[in-house]
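Coordinate inspection notes
Below are the chains, spelled out letter by letter.
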Amino acid sequence: MIALRYLDWPAQPDGLPPELREALGVEGTRAVTFYAYDLGGFIDREWLWRIDAKPDLVAQVISSFELRRAGAVPPAFWRMAPHYWPRSMPAGAEAFQSPWFSADGRGRDGAHYFLLYDKMHERAFVWYKNNF
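Scope of this entry: the structure provided in the associated data block. (Residues numbered from 1 in each chain as written. Predicted model: local features only at pLDDT ≥ 70, side-chain atom pairs only at ≥ 80, totals over all residues. Heavy atoms only, no water.)

Considerations on a nonpolar patch on the surface
Our working definition: Residues forming no salt bridge and having over 30% relative accessible area are the ones grouped into patches, like charges within 9 Å of each other and nonpolar side chains (Val, Leu, Ile, Met, Phe, Trp, Tyr) within 5 Å. For the accessible areas, the method is Shrake-Rupley and the probe is 1.4 Å, while residue cover comes only from the protein chains on display. Any Lys or Arg side-chain nitrogen found within 4 Å of a carboxyl oxygen on Asp or Glu counts as a salt bridge. Under the DSSP-based scheme used, a helix requires at least four consecutive residues in state H or I and a strand at least two consecutive residues in state E, with every element numbered from the N terminus. Summary of the burial criterion: residues with accessible area below 20% of their type's maximum are buried, those above 50% are exposed, and those between are partly exposed, where the area comes from a 1.4 Å probe applied to protein chains only.
Where nonpolar side chains cluster on the molecular surface, the patch consists of Phe42, Ile43 and Phe132 and spans about 450 Å² of accessible area. Looking at the secondary structure, you find Phe132 in the segment after strand S6 (123-131). Exposure remark for Phe132: the relative accessible area of 69% places this residue in the exposed category.

Written out as C-alpha cells, the structure is:
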C-alpha cells in the first residue's frame, strides 16, 4: 500500500491550490483537472502538479507565474515518483521556469516553478517549490 501511495496510484483529482485559483480566475478553475503530489518539507515545501487544461489556460498560468522558456529540462524532473509523471520529453512539448528556479538545490526564498507542457495530451506538469 505504501508503494502505491508513493506512486500516487490510483490518482484522484485534487482541489486547486490558491496559487492556481488566482492565476486561472473563476472561469478557468472550472475547466481544469488538477492532481497534486506532495514532496514534503518542513518550512520549505515542494509539490508536483499535473494540470489537465486547454492551451489558453496553460498560457494563462505561464503568464501569471511569470515563467520564461527553459533551455533544458533538469534531469531530476524525469525521476519524480508519480506514475503519471513524464519520463522523457513528449513530442512538441515546451518547458518554462521561474527566473530563479533551482533543480539542484533550495534556491532563493519565494515561489519557484518549472513547467513542462505536453501539448498533444493537453497536460502541464509543474514542479513547485515554495521556499520560506
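Notes on the pairing of S6
Here is the rule we go by: A pair of strands is labelled paired if DSSP reports no fewer than 2 bridges between them.
In terms of burial, S6 is largely enclosed, as seven of its nine residues are buried. Pairing between strand S2 (residues 45-52) and S6: eight bridges, direction antiparallel. For Asp52, the partnering residue across the bridge sits in S6 and is Arg123. Across nine bridges, the pairing between strand S5 (residues 110-118) and S6 is antiparallel. Residue Asp118 lies in a different strand from S6, and its bridge partner there is Arg123. Following S5, the chain reverses through four residues before pairing antiparallel with S6; Glu122 in that reversal takes a positive phi of roughly 50°.

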